[in-house]
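An overview of the molecular structure
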Amino acid sequence: MHKQVLIISHGGDLHADLLIPLLADRGHTPFRINLDAFPRDYQLCQRMRDGQPSARLRHLPDGAWLDLQQVGAVWLRKPAEYAYASEDLGPQERAYARLETDQAMFSLLYSLDCYWLSHPLALRAAQWKGEQLERAARMGFRVPDTVITNVADDVRAFRAAVGGPIIFKAMSTPTLASEAVAPEEQISRGIVTTVIDDAMLDELDAVGEVSCQFQEYIAKQYELRVTVIGSALFAARLHTQDDARTAIDSRDMSAEIRYEACVLPPEVHQRCLDFVHSYGLQYGALDLIVTPEGDHVFLENNPVGQFLYVQQLIPAFRLLECVADKLIEEVLCRSRS
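Residues numbered from 1 in each chain as written. Predicted model: local features only at pLDDT ≥ 70, side-chain atom pairs only at ≥ 80, totals over all residues. Heavy atoms only, no water.

**Focus: the packing of helix α1 (residues 14-25) against helix α9 (residues 319-336)**
Relative to each other, α1 and α9 sit at 60°, their axes nearing to 10 Å. In terms of axis orientation, α1 runs oblique to α9. For the crossing formed where α1 meets α9, the hand is right-handed. Two secondary-structure elements touch here, α1 through His 15, Leu 18, Leu 19, Leu 22 and Leu 23 and α9 through Leu 320, Glu 321, Val 323, Ala 324, Leu 327 and Ile 328. (Axes fitted to C-alpha atoms, helices over the stretch in contact; angles between N-to-C directions. Helix = DSSP H or I, 4+ residues; strand = E, 2+ residues; numbered from the N terminus. Parallel < 35°, antiparallel > 145°, perpendicular 65-115°, else oblique. Left-handed = near helix turned anticlockwise from the far one by under 90°. Contact = heavy atoms within 4.5 Å.)

**Details of the environment of Met 200**
Along the polypeptide, Met 200 turns up in helix α6 (residues 198-201). Given the relative accessible area of 28%, Met 200 is considered partly exposed. Once you skip the residues sitting within four places of it in the chain, Met 200 turns out to touch Thr 194 and Val 195. (Buried < 20%, exposed > 50% of the residue type's maximum accessible area, 1.4 Å probe, protein only.)

**Topic: the state of the cysteines**
Summed over all chains, the structure comprises 0 disulfides. Cysteine Cys 114 is unpaired, with the sulfur of Cys 333 as its nearest cysteine sulfur at 12 Å. Assessed through its relative accessible area of 12%, Cys 114 is described here as buried. Between Cys 272, a cysteine without a disulfide, and Cys 262, which holds the nearest cysteine sulfur, the sulfur-to-sulfur distance is 10 Å. (Disulfide = S-S within 2.5 Å.)

**Points about the nonpolar core**
Among the nonpolar cores identified, the biggest contains 50 residues, and Leu 6, Ile 33, Leu 112, Val 226, Cys 272 and Phe 298 are the most heavily contacted of them. No other element matches the 5 residues that helix α7 (residues 266-278) contributes to this core. Those residues within four positions of Cys 272 in sequence are excluded, and the remaining contacts are Phe 141, Val 226, Val 228, Leu 233, Leu 264, Leu 286 and Leu 288. (Core = buried A, V, L, I, M, F, W, Y, C linked by side-chain atoms within 4.5 Å.)

**Quick notes on the sheet that holds strand β4 (residues 52-59)**
Strand order across the open sheet formed by 3 strands is β3-β4-β5, with antiparallel pairing between neighbours. Looking at the sheet topology across the chains shown, the edges are occupied by β3 (42-49) and β5 (64-67). Going from strand to strand, the sheet's axes swing by 15° on average, the running direction of each strand aside. Where β4 meets β5, 4 bridges bridge the pair, whose relative direction is antiparallel. Across the sheet, the residue bridging to His 59 is Ala 64, located in β5. Lying over the sheet, helix α2 (residues 91-110) contacts β3 and β4, oriented at roughly 60° with respect to β3. (Pairing = 2+ DSSP bridges.)

**Thoughts on α2**
Two residues of an α-helix separated by three or four positions point the same way, owing to the 3.6 residues in each turn. Under the 1.5 Å per step criterion, the end-to-end length of α2 is 28 Å for 20 residues, consistent within 8% with the ideal 28 Å. Among the residues making up α2, those that are buried are Ala 97, Thr 101, Met 105, Leu 108 and Leu 109. For α2, the arc enclosing every buried residue in end-on projection is 90°, short of the 170-degree limit, so these residues lie on one face. Turned more than 90 degrees away from the buried face of α2 sit Gln 92, Tyr 96, Leu 99 and Gln 103, all of them exposed. Of the surrounding elements, those touching the buried residues of α2 are β1 (4-9), β2 (31-34), β3, β4 and β7 (115-117). (Expected span 1.5 Å × (residues − 1). Arc of directions from axis to C-beta.)

**Considerations on empty space enclosed by the protein**
In the structure shown here, the tally under the stated rule is 2 cavities of 30 Å³ or more. The computed volume of the largest cavity comes to approximately 70 Å³. Lining the largest cavity, in full, are Trp 75, Leu 76, Arg 77, Leu 117, Ser 118, Tyr 283, Pro 303, Val 304, Gly 305 and Phe 307. Classifying every residue of the lining of the largest cavity by side-chain character gives 7 nonpolar, 2 polar and 1 charged. Looking at the second largest cavity, its volume works out to about 40 Å³. Lining the second largest cavity we find Lys 129, Gln 132, Leu 133, Lys 169, Gln 213, Gln 215, Leu 299 and Glu 300. If you list the elements that add at least two residues to the lining of the second largest cavity, you get α4 (129-138), β11 (212-216) and β16 (296-302). If one sorts the elements of the lining of the second largest cavity by residue count, α4 sits on top with 3 residues. Of the residues that constitute the lining of the second largest cavity, the class distribution is 2 nonpolar, 3 polar and 3 charged. (1 Å grid on protein atoms, 1.4 Å probe; cavity = no way out; pocket = protein on both sides within 12 Å on 5 of 7 lines; lining within 4 Å. Points joined across faces, edges and corners; volume = space filled by probe spheres on them. Nonpolar A, V, L, I, M, F, W, Y, C, P; charged D, E, K, R; others polar.)

**Here's the deal with α7**
Helix length check: α7 (13 residues) gives 18 Å between terminal C-alpha atoms against 18 Å at 1.5 Å per residue, within 8%. For α7, the set of buried residues is Val 268, Cys 272, Leu 273, Phe 275 and Val 276. Down the axis of α7, the sector holding all buried residues measures 160°, keeping them to one side. Buried-residue contacts for α7 involve α4, β12 (222-229), β13 (232-238), β15 (283-290) and β16. Gly 280 occupies a position one or two residues after α7 and carries a positive phi of about 85°.

**Focus on the layout of surface pockets**
Reported here for the second largest pocket is a volume of approximately 350 Å³. For the second largest pocket, the lining is made up of 14 residues, of which Phe 168, Ile 191, Glu 203, Ala 206 and Val 207 are closest to its centre. When contributions to the lining of the second largest pocket are tallied by element, the ones reaching two or more residues are β10 (194-196) and β11. Across the lining of the second largest pocket, the residue classes tally to 11 nonpolar, 1 polar and 2 charged.

In structure tokens form, the structure reads like this:
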């Protein structure tokens, strides 16, 4: 009996939805945990008896069981808020339930001796944008001049020192956490990367509320989305300068700009792999720009970044298939050991 693939995400994750039939076609039926239905739709039992651990999960809607000792590979995708059997938990009850569920979930997961795409501890270490820039610079990438500060005068001094345009870019989420509050509590749906003009300099005192990231604006020839899966690398060239909607921020998917496969210079290719793996990650989605002079500039790495849209725009990039093949390869390797 071969070991099993475990997928952890939420019920609305299309990436996980599409991966499951690919695994099934290859003879592997994964077990999926949807965190937005956990623990409501699951039963969990982790034991320690006579020094020997055991653990199992049951998905109540279909009755499927998972022996955690048989997990050979985990694909950790996206977080979500837990769901509980009682919908009327009070604030303190819900806060306590969340903490206890974290204890149960991560006690279970951290005990797994298997392949991770990618491990939660590695994901946490890899998510901090300021640290990413410092690490990328140490590894030989060119990075934008950057200031992260809650002092308005620091921003003004930074703009003067740059001697040209600067941008504001959210570090955590461009949605400004709008998804974390009820619709009636939303005051904004988000903000794109924004060039700071002279008029905005008069509003900089607002950064005293929370530290913000500002960077020099670097002219682009095009952008790159570099997806790393294990030791495989897929580089997509984004012709962002073909449309004004994506000239500053490539994330406006209403602009039908060209995406095409490209080959990175060998040293940049290896540097991207080394950067992702330096965290212990097995997946990364890096954003780079290429200047009109041909320099490659590191912007950020997204440890659980989306990739399905890249495959849809460049069908030759078999990214889902690469994930499936990697998980099965690791499962079979651990089944034989």
